[in-house]
Amino acid sequence: MPRHLRFRIGLVLAVIAVSVWYLYPLKSSINLGLDLQGGIHLMLGVEADRHVASQTDRAAEDLKSALERKGIAVKRIAREGNTAIKVELASPQSWNDSRTVVAEFSSFDRRDDDQAAGTFRLVMNDRRVSQLRDDAIRQGADQILIQLPGIQDAARAKALIGKTALLEFKLLDERTPIDQALAGHLPETSEVLFGREVDKQTKAERKIPYVVQRRALLTGAELTRAEVSADPNSMGNWQVAIEFTSTGTRIFGEVTEQNVGRRLAIILDGTVYSAPRINERIPGGRAVITGQFTVDDARDLAIVLRAGALPAPVVILEERTVGPSLGSDSIRQGLIAIAGSAIVVFVFMLVYYRLSGLVADIALGLNLLILFACMAAIRATLTLPGLAGIALTIGMAVDTNILIFERIREEMRVGKTPRAAIEAGFRRALRTIVDTHLTVMGTAVILLSFGTSSVKGFGVSLFIGLGASLFTAYFFTRLLFDLLYMGRRKVDAISI
C-alpha cells in the first residue's frame, strides 16, 4: 500500500476516534436548546436611564471630592435630570481654578457658565450616554433576552437574574442623628438606607435605618472572588467572603487607613447588610458580607457577585416556560424528519449509483458524526432550527457526491478508462464543490453574526455541517474510491 494512502487512512481513523471521544457519553456531550429540552424564556426590560442617572450621581460625588482636594469650596452640587450636574461654588473667585479640575471629567461638556455667580452645569456627552446604555442593554433598544434550557424553577431563576447585585462600600454619616434624617433633614451628601434584622424567636423582620454618605468608596466591580462559608459568629447562618482585585485592594487599604474608628457600611442593592467599625488598616483586600443568610441565600448572592452585577435595574416583560414533554416532542419530530430524509437519500443513492452510492452513504454517516462531535467540542447548543440545518447539510453533502459521480460518468462516456475517469472526475468537480460550500458557509457566517438566537442555531449547524462535508464528500469519498479501484491491477468497470 502506498505511503500517502496509509497516511490518509490514518487521518480518517484519527478523526473518527476524536469524534467518538467528544460524543461520549452522548446524553451529556451536546447542549440542547430551550425548544428541545424545555426550560425558561425571559425577556427583561432594562431601565437604562436609571443606570445613566446613577453614573451621573457618581460623577457628581467625584467632582465634589476633586474640587475640595484642590481647596475649592462647593456650596451646592446636584444632579439635574439624568445627565446634567449643577455646580455652585462657595466663592466665585475660585472660578478659574475650578476649570482646571472640570477639564479632567472628559465625559462631560461644560455649559451655562455664570462666572459672577460662580455657577455652571456639566452635561454628559452623547457618546458617553450611548456607551452606558449599550452596557446595560443586550437585545433591541432596551431589552435582555435570557433562555435557560433545562431549568424549571422559574421563581428562583427570576430572583437570581433580577438582582442587580450592586455592591457598595460607603461610610456612615455619624454626625447626623437618625431621627433628624428620617424627618428629611440631612445633608445633600448623605442618604437614609435600611438594613434588616430577623428575630430568632418570632422570625419577625425589623428594618434598621442608617445614615450613609452617598459617595461609594468601592463597588463590586473590583471583585475577583465570592465564596460561601459558615458564619462563625451566628449559629446556623451563612456569610459570603469576598476578595478584591489589586486595584480594589489598594483602594480598600487606603479607605480603611484614612477612616480608622469610623463605620463602613456594606450595601447590596440599597440594603445595608452590615456596618462594622474600622479598627485598623486592612491591607489584604478581603471582606465578609453577613446578614442572617440561609445557605441558599448565600449561594445565590455569591453566584450573582461572581457573574458580575447587571449595570441597571431590570423588570420582567415576558416569561414563558417550555415543559420537558414539549421539548421531547420537538426532539422526536426533529429526529424523525432527519432520519426520514436520510433513509430516502440512502436508498436513492444505493439504487441509482449502486456501489458508489454505498460509498456516498458511508461518507454521509461520517459527516453527521463529525458535525455532532464539533458541536460537542465547542459546546454549541443544538436547537430546533439547528436540526433543520442538519437536514439541509444532508442534502448538500449528497449533492456534492452526485456532482462527483456525474463528472466520472461524463469522463467514461468519452472513452476514458475507469481509473482515468475517477481521477478526472474528482479533479474537475473540486473547484465547483469548494465554490458552492464556501458561498453557503459565508451565508452561515452572516446568520451567526446578525441573526437572533434561533437563526444562529441554524447557522451553527449549517456552517459546521458544510465544513464536514468538504472533508467527507471529497477527501473521504476519494479515499474509498482509491481503495476500491485504484489499487487493482485491472479495472474494467465502475459500479456507478
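Residues numbered from 1 in each chain as written. Predicted model: local features only at pLDDT ≥ 70, side-chain atom pairs only at ≥ 80, totals over all residues. Heavy atoms only, no water.

Colleague: Give me the pattern of salt bridges: which residues, what numbers.
Modeller: All chains considered together, the criterion is met by 23 salt bridges. Among the salt bridges present, the one from Asp-482 reaches Arg-8, with a minimum N-O distance of 2.9 Å. Of this pair, Asp-482 sits in helix α14 (residues 453–486) while Arg-8 sits in helix α1 (residues 3–23), and the two are 474 residues apart along the sequence. In terms of burial, Asp-482 and Arg-8 fall into one category: buried. For the salt bridge of Glu-168 with Lys-170, the shortest nitrogen-to-oxygen distance reads 3.8 Å. (Salt bridge = Lys/Arg side-chain N within 4 Å of Asp/Glu carboxyl O. Helix = DSSP H or I, 4+ residues; strand = E, 2+ residues; numbered from the N terminus. Buried < 20%, exposed > 50% of the residue type's maximum accessible area, 1.4 Å probe, protein only.)

Colleague: An account of the nonpolar core is needed here, citing residue identities and associated values.
Modeller: Ile-404, Phe-405, Ile-408 and Phe-481 are the most contacted members of the largest nonpolar core, which totals 48 residues. Contributing elements (two or more residues each) for this core: α1, α11 (324–377), α12 (384–413), α13 (418–450) and α14. The biggest single contributor to this core is α11, with 16 residues. Core analysis: the next-biggest nonpolar cluster, separate from the first, contains 22 residues, Ala-60, Ile-72, Phe-108 and Val-129 among them. (Core = buried A, V, L, I, M, F, W, Y, C linked by side-chain atoms within 4.5 Å.)

Colleague: Explain the sheet that holds strand β3 (residues 74–80) residue by residue, including any values.
Modeller: In spatial order, the strands read β3-β4-β6-β5; together these four strands make up an open sheet with antiparallel pairing. Each of the sheet's edge strands pairs with one partner strand only, and the pair in question is β3 and β5 (108–114). Strand-to-strand twist of the sheet, defined as the mean angle between neighbouring strand axes without regard to direction, takes the value 20 degrees. Pairing of strand β4 (residues 84–89) with strand β6 (residues 119–124), which is carried by five bridges, proceeds in the antiparallel orientation. Along β6, the bridge assignment pairs Ile-85 with Leu-122. (Pairing = 2+ DSSP bridges. Axes fitted to C-alpha atoms, helices over the stretch in contact; angles between N-to-C directions.)

Colleague: Summarise the sheet that holds strand β8 (residues 167–171); cite the residues concerned and give the values.
Modeller: Judged by pairing direction, the sheet is mixed, and its six strands sit side by side in the order β10-β9-β15-β14-β8-β11 without closing on themselves. The open sheet has two free edges, formed respectively by β10 (205–213) and β11 (218–219), since each of these has just one partner strand. As paired strands, β8 and β11 are joined by two bridges and run antiparallel to one another. Considered in β11, the bridge of Glu-168 is made with Thr-219.

Colleague: Tell me about the environment of Lys-456, and please be specific about residues and values.
Modeller: The residue Lys-456 is located in helix α14 in this model. For Lys-456 and Gly-386, which are 70 residues apart along the polypeptide, the C-alpha to C-alpha distance reads 8.2 Å. In this view, Lys-456 contacts Leu-447, Leu-448 and Gly-451; residues no more than four positions away in its chain are not counted. (Contact = heavy atoms within 4.5 Å.)

Colleague: Explain the packing of aromatic side chains to me, using residue names and the numbers behind them.
Modeller: In the structure shown here, the tally under the stated rule is 11 aromatic pairs. Judged by centre distance (5.9 Å) and plane angle (65 degrees), the ring pair of Phe-169 and Phe-252 falls under edge-to-face. Of the two residues, Phe-169 sits in strand β8 while Phe-252 sits in helix α9 (residues 246–258), which places them 83 residues apart along the sequence. Assessed through its relative accessible area of 5%, Phe-252 is described here as buried. An aromatic cluster is present here, built from Phe-348, Tyr-352, Tyr-353, Phe-405, Phe-426 and Phe-481 joined pairwise through their rings. Seen from the ring of Phe-475, Arg-8 lies directly overhead, with NZ or CZ sitting 5.8 Å from the centre. Above the ring of Phe-426, the side-chain terminus of Arg-478 is found at 5.2 Å from the ring centroid. (Phe/Tyr/Trp six-rings, centres within 6.5 Å; stacked < 30°, edge-to-face > 60°. Lys NZ or Arg CZ within 6 Å of the ring centre and 35° of its normal.)

Colleague: Let's hear about α9: which residues, and what values?
Modeller: The terminal C-alpha atoms of α9 lie 18 Å apart, and with 13 residues this matches the ideal 18 Å at 1.5 Å per residue to within 8%. Residues of α9 that are buried include every one of Gly-248, Thr-249, Phe-252, Gly-253, Val-255 and Thr-256, and no others. Mapping the buried residues of α9 onto a view down its axis gives an arc of 165 degrees, with all of them on the same face. Among the exposed residues of α9, those oriented more than 90 degrees off its buried face are Ser-246 and Gln-258. (Expected span 1.5 Å × (residues − 1). Arc of directions from axis to C-beta.)

Colleague: I'd like to hear about the domain arrangement of the chain, residue by residue, with values.
Modeller: Considered domain by domain, the chain is made up of domain 1 (5–38 + 324–485), domain 2 (49–134) and domain 3 (151–322). If you average the C-alpha positions of domain 1 and of domain 3, the two centres end up 53 Å apart. (Domains from an automatic or database assignment.)

Colleague: Describe the pairing of strand β15 (residues 271–274), naming the residues involved and giving the relevant values.
Modeller: By the bridge criterion, two bridges tie strand β9 (residues 190–198) to β15 in an arrangement that is parallel. The residue bridging Phe-194 from the neighbouring strand is Thr-271, located in β15. With three bridges joining them, strand β14 (residues 264–268) and β15 adopt antiparallel strand pairing. Its bridge partner lying in β15, Ile-266 is registered against Ser-274. Adjacent in sequence and paired antiparallel, β14 and β15 are bridged by two residues, among which Asp-269 carries a positive phi angle near 55 degrees.

Colleague: Can you break down the packing of helix α4 (residues 48–69) against helix α5 (residues 95–102) residue by residue, with the values?
Modeller: Close contact between α4 and α5 brings their axes to 10 Å; oriented N to C, the two are set at 130 degrees. Our classification of the angle between α4 and α5 gives oblique. Pair α4 / α5 crosses with right-handed handedness. Contact residues: α4 offers Leu-63, Ala-66 and Leu-67, while α5 offers Ser-98, Val-101 and Val-102. (Parallel < 35°, antiparallel > 145°, perpendicular 65-115°, else oblique. Left-handed = near helix turned anticlockwise from the far one by under 90°.)

Colleague: Tell me about the packing of α12 against α13, and name the residues and values.
Modeller: Axis separation between α12 and α13 bottoms out at 8 Å; the angle between their running directions is 150 degrees. Looking at the two axes, α12 sits roughly antiparallel to α13. Two packed elements cross with a definite hand, and for α12 against α13 that hand is right-handed. Two secondary-structure elements touch here, α12 through Met-396, Thr-400, Leu-403, Ile-404, Arg-407, Ile-408, Glu-410, Glu-411 and Met-412 and α13 through Ala-421, Ile-422, Ala-424, Gly-425, Phe-426, Arg-428, Ala-429, Thr-432, Ile-433, His-437 and Val-440. Of the residues in the contact of α12 with α13, the class split is 12 nonpolar, four polar and four charged. (Nonpolar A, V, L, I, M, F, W, Y, C, P; charged D, E, K, R; others polar.)

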